[in-house]
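A look at the structure
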There are 4 protein chains.
Amino acid sequence: MEPSEQKKRVKSVKKKWRAGVLGATGIVGQRLVKLLAGHPWFELTEVAASERSSGMTYAEAVRWHLETPIPEVARDLVVKGVEPVLECDFVFSALDSSVAGPVEVDFARAGYPVVSNSKNHRMDADVPLLIPEVNASHLDAIPVQQKNRGYDTGFIVTNPNCSTAGLVLVLKPLAEAFGLERIFVVTLQAISGAGYPGVASMDIQSNVVPFISGEEEKMEAEPQKLLGKWDGARFVEAGVGISAHCNRVAVLHGHLECVSLGLKKIASLDEVREALRTFEVDEELASLPTALRHPVVVVDEEDRPQPRRDVEAGEGMAAVVGRIRECPLHDVKLTLLSHNLVRGAAGAALLNAELLAARGFLKDRSAKSATEVAEPAVR
Amino acid sequence: MEPSEQKKRVKSVKKKWRAGVLGATGIVGQRLVKLLAGHPWFELTEVAASERSSGMTYAEAVRWHLETPIPEVARDLVVKGVEPVLECDFVFSALDSSVAGPVEVDFARAGYPVVSNSKNHRMDADVPLLIPEVNASHLDAIPVQQKNRGYDTGFIVTNPNCSTAGLVLVLKPLAEAFGLERIFVVTLQAISGAGYPGVASMDIQSNVVPFISGEEEKMEAEPQKLLGKWDGARFVEAGVGISAHCNRVAVLHGHLECVSLGLKKIASLDEVREALRTFEVDEELASLPTALRHPVVVVDEEDRPQPRRDVEAGEGMAAVVGRIRECPLHDVKLTLLSHNLVRGAAGAALLNAELLAARGFLKDRSAKSATEVAEPAVR
Amino acid sequence: MEPSEQKKRVKSVKKKWRAGVLGATGIVGQRLVKLLAGHPWFELTEVAASERSSGMTYAEAVRWHLETPIPEVARDLVVKGVEPVLECDFVFSALDSSVAGPVEVDFARAGYPVVSNSKNHRMDADVPLLIPEVNASHLDAIPVQQKNRGYDTGFIVTNPNCSTAGLVLVLKPLAEAFGLERIFVVTLQAISGAGYPGVASMDIQSNVVPFISGEEEKMEAEPQKLLGKWDGARFVEAGVGISAHCNRVAVLHGHLECVSLGLKKIASLDEVREALRTFEVDEELASLPTALRHPVVVVDEEDRPQPRRDVEAGEGMAAVVGRIRECPLHDVKLTLLSHNLVRGAAGAALLNAELLAARGFLKDRSAKSATEVAEPAVR
Amino acid sequence: MEPSEQKKRVKSVKKKWRAGVLGATGIVGQRLVKLLAGHPWFELTEVAASERSSGMTYAEAVRWHLETPIPEVARDLVVKGVEPVLECDFVFSALDSSVAGPVEVDFARAGYPVVSNSKNHRMDADVPLLIPEVNASHLDAIPVQQKNRGYDTGFIVTNPNCSTAGLVLVLKPLAEAFGLERIFVVTLQAISGAGYPGVASMDIQSNVVPFISGEEEKMEAEPQKLLGKWDGARFVEAGVGISAHCNRVAVLHGHLECVSLGLKKIASLDEVREALRTFEVDEELASLPTALRHPVVVVDEEDRPQPRRDVEAGEGMAAVVGRIRECPLHDVKLTLLSHNLVRGAAGAALLNAELLAARGFLKDRSAKSATEVAEPAVR
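Residues numbered from 1 in each chain as written. Chains lettered and ligands numbered in written order. Predicted model: local features only at pLDDT ≥ 70, side-chain atom pairs only at ≥ 80, totals over all residues.

A separate point is the sheet that holds strand 1 (residues 17-22) of chain C. Residues and elements named next belong to chain C. The six strands are arranged 3-2-1-4-5-6 in an open sheet whose pairing can be described as parallel. Strand pairing shows two members of the sheet lacking a second neighbour, strand 3 (79-80) and strand 6 (155-158), which therefore form its edges. The sheet contact formed by strand 2 (residues 42-48) and strand 3 spans two bridges and is parallel. Looking at the pairing, V47 lines up with V79 of strand 3. Against the sheet, helix 14 (residues 342-358) makes contact with strand 1, strand 2, strand 4 (90-93), strand 5 (113-116) and strand 6, and its axis sits at roughly 150° relative to strand 5, the strand it touches most. (Pairing = 2+ DSSP bridges. Helix = DSSP H or I, 4+ residues; strand = E, 2+ residues; numbered from the N terminus. Contact = placed C-beta atoms within 7 Å. Axes fitted to C-alpha atoms, helices over the stretch in contact; angles between N-to-C directions.)

Rendered as C-alpha cells:
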C-alpha cells in the first residue's frame, strides 16, 4: 500500500474542538501532543499532569522523547493539575493506571468526554473498548453508560492495550470472512511500550525479558470484548479461545506478534491474504483525519514485517502483516506488527476522538458559546 | 540447582581417544576446540576446514570469537583439508551444510565415526539424531546403518538443530510423565546461531527478523524423531503435533522459546514443575564428563529465564525453564532457554561422542596400537 | 533552529538535468535515489551497478534499506553497467572504492561531470574535495583539471569522508573567526557507515570496535584540503594539527565526534557559541534545494547531541553541536553529530551537484537538444 | 598474557578478617559480595544497606545482577542498617555518594577501617586515593589522617572512579619510564557503571549519551593525586595536563578509553609497548590474592581491545591496551579497556583491603579475642 493511495480528503470544520491531555508529559502524552499539533478538527488547549508542575510551561516540565521538536502550540501551555476544571471540550487520558481510574470518572462526571488510553475502565460493563475499524457500533453503549452512572454530557471511551490493538485489527477481517476459533499469540514488544524511564538498560541490553506484568491477561481478555457485540444492554464476548505469551525485546518502537489462528470456516492461504489485503473501511471512517482507507498492510517479503523497517507504515496507524503460511496445529500462521505508541496508544485515542466528533458526541463546553454547539463534522 | 550439586565423579581413561574437528575455524568448531582442551577422554589431534589454509596454523587461520584465548593445544595444529586422511580415532563435523553431506559420508566410509552437528544427515532413515538424555537407545541404529551402507568401523551420528535441542530436553520428562499431544513454540534466537559473519548488524540493530531459513521446518520435524522410537529396523515418529515460529533477536547467545503444550494426561502445574525439577539422568549418562545430573533447571522468578542472565546455567548444557503456568488453549505454557552453541551445537556433539565412547563405539585407529583398543570408560 | 526557519524559496528550473547514479544499489546509492525522487532540479534517469544485473529492474536488483518505499520513479529503471554510455547529463558515483577509481575517470573522459562520494580521487591534486558551505571556491580547480587531464566537458568533484563532513562544517566558522591550530577528535561512528552487510552483528552487539580501516588517515588528511585554499594552480593545505581516533559503536545512523580545539586567537566560550550559532550561508548557497540557511545547529542541553535523537536535524544536512566547554589542554571542547549517510554521503554529493548546476558546470548532454543547453538556475 | 602465567601462590592466613559491606545490595556491593565468597583472607560477616530492609535476608533484599548465583555464605545474612555497630573487622563502602560521606566518617570514627569505592572522600587532603600498583606508598597518609581527625584504629581509604582506574594503571609505567606531560582521553563507558536501574533503555538503545554527570571532572582531578606523591604531610599533585570527554555507550561491562599522550622524554612506539608489556608488580603486591603479576595486558590485533571480548582479562583486574601508534598532535595514541565493576570498583576496593591487611592496617575487632590480634599475612 503506497502512502499516496492512503491519502484521502478530510473535511475541515468551522470551529475546532478544544482538547486537553491528561498525563501530557508521559511518553504517550507526548505523542498525543505531537499528533494534535496541526490537527484539522482539534485544538490543544490544556496539558495536565498528575504531579502538578505549578507555573511550569509544558516545555519546562517535559522530558521530550520525540525526534521532532516540541510543537510550538504546546511549548508555552502552563501544565495544570488533573482536576476537572480545564478549558476544553474533551480530554484525552494518558495517565498512569495508578491514578487514571478515579480521575477519569471525575472528568466524566464533570461533563467531559474522556478518551482514555489507560487500562482502568477498559473492561467496565458500560464503557466502550473501541477500535473504530473493528467495533464502531460499541459507541451505542455511551447513552447507557451515562444513564447508569448519572453522567450528563460526560462519558468514558477507551482504546485497547498496545499489544491488543494491532492484533485485533488484523483479526477483524478474518473474523468476518471465516470466523475465529482459536488465537495463539506470542509478542516481542518494544521498550517504548513501558514508558520512561521504563525498562532499565541493564535488563534488556543483549537480552529478552519474557514477562510483562499484566500483559498476557489483557491480551487474552480485551479481544473478546473488541470482537464481541453490544446487544443494547451489555457487551457479549466473542467467545474465542486466546492464549498469549508476552516478551520484551531490545527494539525501540513496534510490537511484533507471532500468531497462529484456528478458523471456523476452511480457507486457503490465498483467501486469507485476500481478506486481509482487501480490508477497507467505510466512508464514515475513511473521512476521519487519522484513519487509513486500508488499515491492514500485507507485505510479501519472507522476512517481514520487521519492527525497525515497517513500524512507520501508514504513519504508524497500519497493522503490517506478513509470513502468512500454514500452521500444522491450527490453520494459519502469520506475523504482524503495529506501532505501540501510535496505533497502540496515542493514534488509537485520537482516532477514537475523531469518531466521537463525527458522530456528534463532542460538544462545545465553552460557557459563552453554549448555543454554538459544533455540528458533527461528517454526515 | 547449584553448580556444586551438578558435579560428579568422572572416570579418567588410560588412553584418550584422538579427536579431529572438521570445520574447526567456524563458530561451532571453535567451541568444540575449546571444549576439547583439557577433556578427560578426548585429545584434539586434528583441525580441518573446508577451505584449506595450507601450511597455516590454527591460530593463524581462525578468527577467534571466544572470550577465553585459543587453547594452547590447538594454536599450533596445522589446519588440514576435510579429507579422510586425518590422524584421529573419530571426527566431529561442524561443517557448513553446503559441504557437510558428502564429506561426512566420505569419513564414515573411510572408517571414522562421525559425530556431526550439521543438518544434512539428521533425518536419514538409519542415522541416529541423538540427545543422550532423551533417546540414547537410538544408538542401536548404528549397526544397521553400517550394514545398509557398507561402512566398516565408521558411522554417522548427529545432534539436533540448536533450537530443537533445548526444547526436546524439556519435553522429554513431560512426554514420559504425561504424554504429549501438541507443541506450539515460538523462538527468539540469538545471533550466534547464524555463525560468522552471519547476521548483518544493519538487519538486527534495534530490530527483530521474524524469519530464519529452514528453521521452522527443522523444529517441526526433528522432535518427531527424537521423541520417537527405533524399532530395530527404522525410526518411528512420535506423532506429536508441532507448530513453530522462529525469530532472530539482538541477543548474543541463548535461544529463548515460548511454548504451549497439550498433554495426553491431565496434570496440575505442580505436577508439571515436579516432573521437570526431578528429571535426572541414569548412572551411565551421569558418568559422562559433559553430562549434568539434572539437565533441566527450573527457575521460579516470574521474569526468568533470560538469555543474558541464564544462558551459562550448567556451563551451557542445561535447559532452563520457567514461567510454568496454565494455557487457555492448550494445557501448559512455559518459557525455556538453552545455549545455542553449547547444548545446541558443540556441547551436544561432545556429549554424543562421550556416550559413543562409553558404549564402545570408538576405537583406536592408530596403526601401531591396533591391539591396544581402549576399553569403554564406563561399564 | 526550527525547521520552519530553515525553509527557503528554491527556484524551479525550466528543464531538469538528467542524473545517473553509479553504485545505485548500495546503501549510499539508495539514499541518492531517494533524495533524487521529486528533486526540483534533477531527474533520475539511470541507475548503474558495478555487478551488472542485466535485465533486472531497480526494484528487483536492490535490497532496499530505507524505511520509506523505493521511489516510483526508480522502481522500473533497468539497472545498467557502469560504463559511460548512460543517458544522463551527469553522474553521481556511490561506487565502492575498489572499483570507483578508473570508472570515474572513464566517465569524466567521456564528458560526464562526476559527483563522487568515493575516496579514490579526493586527494588528487586537481580534484575539488568540496563542501559548498566550506570551500565553494575550490570549484575553480575544475578548468585546470580538465586542461591537465584532457577532459572536455567532464570532470570529477568529490565530497569528504562521512566522519570528516560534519567535523569540517563545524570547524569552518571557528576557523574564520578565531583561526585553528590543533584539532583532537575521537569518533563514535554508526554501523550504516560501513555499508551492507558491513559490520557483523557478532562484532558490534553490546560492543565497541575501536578501529575502522583507513578512517583515521582520512580524518587527519581531508580537513587540510577542505580548510585550505586553491591558489589558481594547486591546493594549499590549511596546516592544522589533527589527531583522530575512530571507533564503531552500536548506533544505526549518525557519527558522534568528541572534539578538542586549539584556536589561534583567544576566544570566550560565548564567542565560540555565537560564531557557531550565527554561521549562515550566502544567498547563492541558500538558494540550493538541499542547502540549509544555518547548517550548524547548536543545542544547549547538557547531554546532547545524541545520535538517535538528533541525527535528522535539518533533514540530515545539519551538523549538530553541543557541550561547548573549556578544555584544560587545548581551548575548547565540544561534541558534534552529523548524519553519515546524508551530510556525510548522499546529501553531500547532492548539494555538490546543486552548486555545480547553479554555477553552470552541468550541461544538457542529450544529442537532439544540444543547442538547448540549460541555463544556470541561479544568477 | 595467559591466565596461567598470572597465577601465583597466595599465602593463606590462620584467621580471616571479618568484612562488612555497606551498600551491599547495589551493583558494586553485589560484586564485592561475590568476590568475598571464598576469599582466602576475608570472611563476609555483615551486609548493610542504606535503606534498611529490617528482618530481610540478603537473598530477599537483593535484586541480583550477576550471572552466577548469590553466594551461599551471603544468602542468609540479615541486612543491617549502615550504622557502625557491625560485627566485622573492617568495612567496604559501596554506598551511593548521596549518603556515603557522613556514614564513612561515622564508621572510621567508631574504629572501623573503611575501604571505600565512593567518591566523597577521594580528594580529601589526608585520605589515600589508592591503586596498589600505582601509589602504595600513599598509605603513609593513614597515621596523619588518624591524628588529624582523632580517629583511633579507624581510617578511610578510597579507590578511584571506574574510568580513572584503568587509565592510571596504564599511565603508571609510562610515567615512570618517560614522564607524562599531557593526557587527552575520551571514554566510551558501559551502562553498568551507572548502577541499577541506572541508564534507561530508552536513552541508550541504538544511541550514545555524550555526558556523564561529574565524570570528566573526576577524570581530570583523580590522576593528579594518584600519580602524585605523599610528602609526609600532604599529597603533591602530579602536575599533568589532562582533558577528558566522557560518553555512555550501549555496552554491558568495560570502559573503553581513547588516549593521546604527551611524554616528557622522547620514546619510540616499541619502547612504549615494552614499558607496558614488562610492567610487573613487586613481591609484596604479587602476593595479594586479587593482584596480577602483570596488571597491564598488551594486545596486538589492530581492532582490540574490545569491551565484550576483552573485559574479563585477568578476571577483570587487568587493563588491556592496544592500538599503540603515533599521535600527530601529542606523542602516542592508544586504546585501553578495563572492567568498570572489577578493576574500577569492587576488585579495586578488594585489592586495597588486601594491601591494608598485608601491611598490618587491619585488626581483629572482636571483643573476646582482643588479645588474639591477627598478624599481617605478609611480612
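Turning our attention to the interface of chain D and chain A. Facing the 15 residues of chain D at the interface are 15 residues of chain A. Taken together, the residues of the side of chain D that touches chain A break down into nine nonpolar, six polar and no charged. (Nonpolar A, V, L, I, M, F, W, Y, C, P; charged D, E, K, R; others polar.)

So, about the relation of the copies chain D and chain A. Comparison of the two chain copies shows a relationship of rotation about an axis with a shift along it. Rotating chain D by 180° about the axis while translating it 0.0 Å along that axis superimposes it on chain A, leaving an RMSD of 0.0 Å. The superposition operator between the copies reduces to a two-fold rotation axis. It is D:S201 whose C-alpha, among those of chain D, lies nearest the rotation axis, at 2.0 Å. (Least-squares fit on C-alpha atoms with pLDDT ≥ 70 in both.)

Next up on the list: the domain arrangement of chain A. Frequently, the measure chosen for interface size is the accessible area that the parts lose on association. Residues and elements named next belong to chain A. Domain annotation of chain A identifies domain 1 (12-161 + 344-358) and domain 2 (162-340). Inter-centroid distance (C-alpha atoms) of domain 1 to domain 2 is 24 Å. Taken together, the contact between domain 1 and domain 2 spans 33 residues of the former and 35 residues of the latter. Elements with a contribution of two residues or more to the side of domain 1 that touches domain 2: helix 6 (132-135), helix 7 (141-149) and helix 14 (342-358). At nine residues, the largest contribution of residues to the side of domain 1 that touches domain 2 is made by helix 14. (Domains from an automatic or database assignment.)

What follows deals with the sheet that holds strand 13 (residues 319-326) of chain D. Residue and element names in this part refer to chain D. Read from one edge of the open sheet, six strands run 10-7-11-14-13-12, paired in mixed fashion. Pairing within the sheet leaves two strands with one partner each, and these edge strands are strand 10 (241-248) and strand 12 (296-298). Neighbouring strand axes in the sheet, compared pairwise and without regard to direction, differ in orientation by 25° on average. Against the sheet, helix 10 (residues 215-226) contacts strand 7 (180-189) and strand 10, and its axis sits at roughly 145° relative to strand 10.

Take the packing of helix 8 (residues 162-178) of chain D against helix 11 (residues 269-277) of chain D next. What describes two packed helices is the angle between their axes and the distance between those same axes. All names here are of chain D. One can describe the packing of helix 8 onto helix 11 by two numbers: an axis separation of 9 Å at closest approach and a directional angle of 120°. Between helix 8 and helix 11, the crossing angle belongs to the class labelled oblique. Crossing hand, helix 8 versus helix 11: right-handed. Seen from helix 8, the contacting residues are V170, P173, L174 and A177; seen from helix 11, they are V272, A275 and L276. A per-class count over the contact of helix 8 with helix 11 returns seven nonpolar, no polar and no charged. (Parallel < 35°, antiparallel > 145°, perpendicular 65-115°, else oblique. Left-handed = near helix turned anticlockwise from the far one by under 90°.)

Take the environment of B:K15 next. Within the secondary structure, B:K15 sits in the loop between helix 1 (3-6) and strand 1 (17-22). Once the C-alpha coordinates of B:K15 and B:P40 are considered, the two residues, 25 residues apart in sequence, prove to be 9.6 Å apart.

Residue and element names in this part refer to chain B. The terminal C-alpha atoms of helix 8 (residues 162-178), which comprises 17 residues, lie 25 Å apart, in line with the 24 Å expected from a rise of 1.5 Å per residue. Taking the largest bend as the criterion, helix 8 deviates by roughly 30°, centred on L171, and proline P173 comes between one and four positions later. Among the 17 residues that make up helix 8, 15 are buried, leaving the element largely enclosed by the rest of the structure. In the stretch just after helix 8, G179 is the one whose phi turns positive, near 75°. (Expected span 1.5 Å × (residues − 1). Bend = angle between axes of the 7 residues up to and from the residue. Buried ≥ 20, exposed ≤ 12 C-beta atoms within 10 Å, placed from the backbone.)

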